[in-house]
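Coordinate inspection notes
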Amino acid sequence: MVAELFVSIITNFKMKKTILFLAFCLLASLGFAQQNSTDHKITFKLKITEIENPDSVGILWFALPYVDGKTVVNTTLFPKSPDKNGLYQQTLAFPDSLMGKTIQYFYTAVKDNYENKGSFVLEKNKNQDRVESWGFVDGLESKVKSTQMLFLLPESPTEKAAFEKPYVGITTNGKPVKNLFPIKKTGFPTLSIKNAVTAFLESLNAEQKAKCTFPIETEEWRRWHNIENWPRAGIGLEEMNQAQKDQVFTILMESLSARGLKKAKNIMAMEAYLATLVLENKDLGGEKYWFTFFGTHSDTEPWGWQIEGHHLVINYFVLGDQVVMSPVFMGSEPTLIETGDNKGLRTYEIEERKGLDFYQSLNTKQKKKATLWHKKEFDFNRGEAFRDNEIIATTGLSAKELSKEQRSDLLDLIEEYVSSIRDGHSKIKMEEVKTHLQETHFTWVQGDKIDGPFYYRIHSPVILIEFDHQVPVFLPDKTTPNRVPVKTHIHTVVRTPNGNDYGKDLLKQHLELHRKGVKH
């Protein structure tokens, strides 16, 4: 995921793709690159393996600190074709005035593809050439995957191309493990959830209902995003009267555990607080959340709902008495309310503490195996928006190498996330997790300071959990000139790998049985 700083830059570009593309073409035709001096040259060599037939490969760079509206973002094209070694190559020259400055840079392939490579300090008379591979932070070693935020606008050619590819889910190698999620009875009824949804939908007028209801197989499930200004379908809290707001929160109350409901409400409270700190952004607020509903709420047929907004996205699928709650995205910036009615409210204190405690419980050998990367210079989450088919290789420390006590602590950490589901179904999910505990891995990323920002990932065939301290977006850290991850901006993700996000594997089985005339 591109560091969220890049969101503010790319947002300005993404609505002007044609202009940017034509500008790139003009630069190329003129043989022009924004090189102000020949005093300090750096050659960038880039191997692209993740994008088929990139149309215009370029590099964007600017000097930190970034000041919106003032900082100049420089753009330069690579030659149209790679060299005999498969590397795109371009040499940039930096003026003496930038020596000692930190340079932030990104690679781009124009069509909504951006790669945050990081930053470096310009040092005169030092070889600073860079050889890198698109998607990896450790160059051609290709072990540590960099991430980027995707912006697939609804109904855009880029989105259509992405959705035309078969859905397989998050996997370790592109091939989903089969027979992980059978249709079965759980013994925990979902009638109260159905009744809450029925009551809410019956309160809507025809226009409201039309804008928030979709077929069960719609791609609308997959159009969610975290950013605050994303074009969203559904009906928003701000459009509802008080009775409807009460009813929609009853849906949350019946669908989530008390702990899960509290987390969701805390996020909304934090968003309301953030809006008071960033008054110029009218897309922030405690009621900037939209609800959509899928299928026909039924005792036997598949259906579901979704809540979507900044730092809170929940996808909820129901089939009989089975529930799949994923993808779930929850985040917070800041993580402490310092003034107002909710003064003292903290978010993600438990997930943060339990993750760090578990890492510190590891011995030296275990820590070495768990650690994917020794620097936390950017965002690491791999399962955010439009990452439904992400390939995430197995990394980190296997649960097989944990002591009995450590395995118990790992399960406790997993349960902190799973327990957001209503109580009975959280027990079902934890049994599923325990069945595959021996196939579970824990991955860690952090710099030298144990009290500094970190990332952890828990990955098994049936669950993917990510916790990531992120680059600040609205509240930059004034103690550092660079935009680097901070502990006051957190993103978490929970996914069901191997094809069952959005309950898609269960839905596929149900439809196959339905076509055969088989009841379950």
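Residues numbered from 1 in each chain as written. Predicted model: local features only at pLDDT ≥ 70, side-chain atom pairs only at ≥ 80, totals over all residues. Heavy atoms only, no water.

Section: the packing of aromatic side chains
Note the threshold: Ring geometry is summarised as follows: Phe, Tyr and Trp rings, the Trp one being its six-membered ring, pair when their centres sit within 6.5 Å, and such pairs are stacked at plane angles under 30 degrees, edge-to-face over 60 and tilted between the two. We count a charge as sitting over a ring when the NZ of a lysine or the CZ of an arginine lies within 6 Å of the ring centre and within 35 degrees of the ring normal.
Overall, the coordinates contain 26 aromatic pairs when judged by the stated rule. In this structure an aromatic cluster arises from ring pairing among Phe358, Tyr359, Phe442, Trp444, Phe454, Tyr456 and Phe467. If you follow Lys263 out to its NZ or CZ, it ends over the ring of Tyr417, 5.9 Å from the centre. The positively charged end of Lys367 is found above the aromatic ring belonging to Tyr359, 5.3 Å away from the centroid.

Concerning the packing of helix α4 (residues 191-202) against helix α6 (residues 242-255)
Heads up, the rule is: Comment: axis = line fitted to C-alpha atoms, over the contacting stretch for helices; angle = value between 0 and 180 degrees taken between N-to-C directions. Helical segments are the DSSP runs of H or I of at least four residues, strand segments are the runs of E of at least two, and each set is numbered from the N terminus. The cut-offs work like this: below 35 degrees is roughly parallel, past 145 is roughly antiparallel, 65 to 115 is roughly perpendicular, and the gaps in between are oblique. Handedness of each helix crossing follows the sense of rotation of the near helix against the far helix: counterclockwise by less than a right angle gives left-handed, clockwise gives right-handed. Two residues qualify as a contact provided that any one of their heavy atoms is within 4.5 Å of a heavy atom in the partner residue. Gly is put with the polar residues, along with every residue not named as nonpolar or charged; the nonpolar set is Ala, Val, Leu, Ile, Met, Phe, Trp, Tyr, Cys and Pro, and the charged set is Asp, Glu, Lys and Arg.
With their axes 9 Å apart at the nearest point, α4 and α6 run at an angle of 165° to one another. Classified by the interaxial angle, the pair formed by α4 and α6 is roughly antiparallel. Between α4 and α6 lies a crossing of left-handed hand. Residues Ser192, Ile193, Ala196, Val197, Ala199 and Phe200 of α4 pack against Gln244, Gln247, Val248, Thr250, Ile251, Glu254 and Ser255 of α6. Within the contact of α4 with α6, the residues separate by chemical class into 7 nonpolar, 5 polar and 1 charged.

Structural notes on the nonpolar core
Quick reminder of the rule: Residues belong to one nonpolar core when they are buried, are Ala, Val, Leu, Ile, Met, Phe, Trp, Tyr or Cys, and are joined through side-chain atoms within 4.5 Å. For every residue, the accessible area obtained with a 1.4 Å probe (protein chains only) is divided by the maximum for its type, and the residue is called buried under 20%, exposed over 50%, and partly exposed between those limits.
With 87 residues, the main nonpolar core has Trp305 and Phe442 as its most contacted residues. Here Trp305 is in contact with Ile193, Val197, Trp221, Ile251, Leu252, Ser255, Thr292, Phe293, Phe294, Ile314, Asn315 and Tyr316, once residues within four sequence places are set aside. One finds Leu98, Tyr105, Leu122 and Trp134 within the second-largest nonpolar core, a separate group that totals 20 residues.

What to know about the sheet that holds strand β1 (residues 40-47)
Operational definition: Pairing between strands is defined by DSSP: at least two bridges between the two strands are required.
The sheet built from 3 strands is open, its strands ordered β4-β1-β7 with mixed pairing. One side of each edge strand has no neighbouring strand; the edge strands of this open sheet are β4 (88-94) and β7 (130-133). Neighbour to neighbour, the strand axes of the sheet diverge by 20° on average, direction disregarded. Relative to β7, β1 runs parallel, the two sharing 4 bridges. By the bridge assignment for β7, Lys47 is matched with Ser133.

Some points on unusual backbone geometry
A cis amide bond, omega 0°, links Ser326 with the succeeding residue Pro327. Here the amide bond leading from Glu333 into Pro334 is cis, since omega sits at -5°, within 30 degrees of zero. Mapped onto the fold, Pro334 is located in the loop between β13 (322-332) and α8 (349-360). A positive phi angle, near 70°, is found at Glu155, a position not held by glycine. Along the chain, Glu155 turns up in the loop between β7 and α3 (157-164). The phi angle at Tyr348 is positive, at roughly 65°, despite the residue not being glycine. Within the fold, Tyr348 resides in the loop between β13 and α8. Given the relative accessible area of 8%, Tyr348 is considered buried.

Points about the pairing of strand β17 (residues 454-459)
Summarising burial for β17: 6 of the 6 residues are buried, a large majority. Here β17 shows two buried faces, one formed by Phe454, Tyr456 and Ile458 and the other by Tyr455, Arg457 and His459. For β17 and strand β18 (residues 464-469), the ladder comprises 5 bridges, and the chain directions are antiparallel. Its bridge partner being in β18, Tyr456 is matched across the sheet by Phe467. Between the antiparallel neighbours β17 and β18 lie 4 residues.

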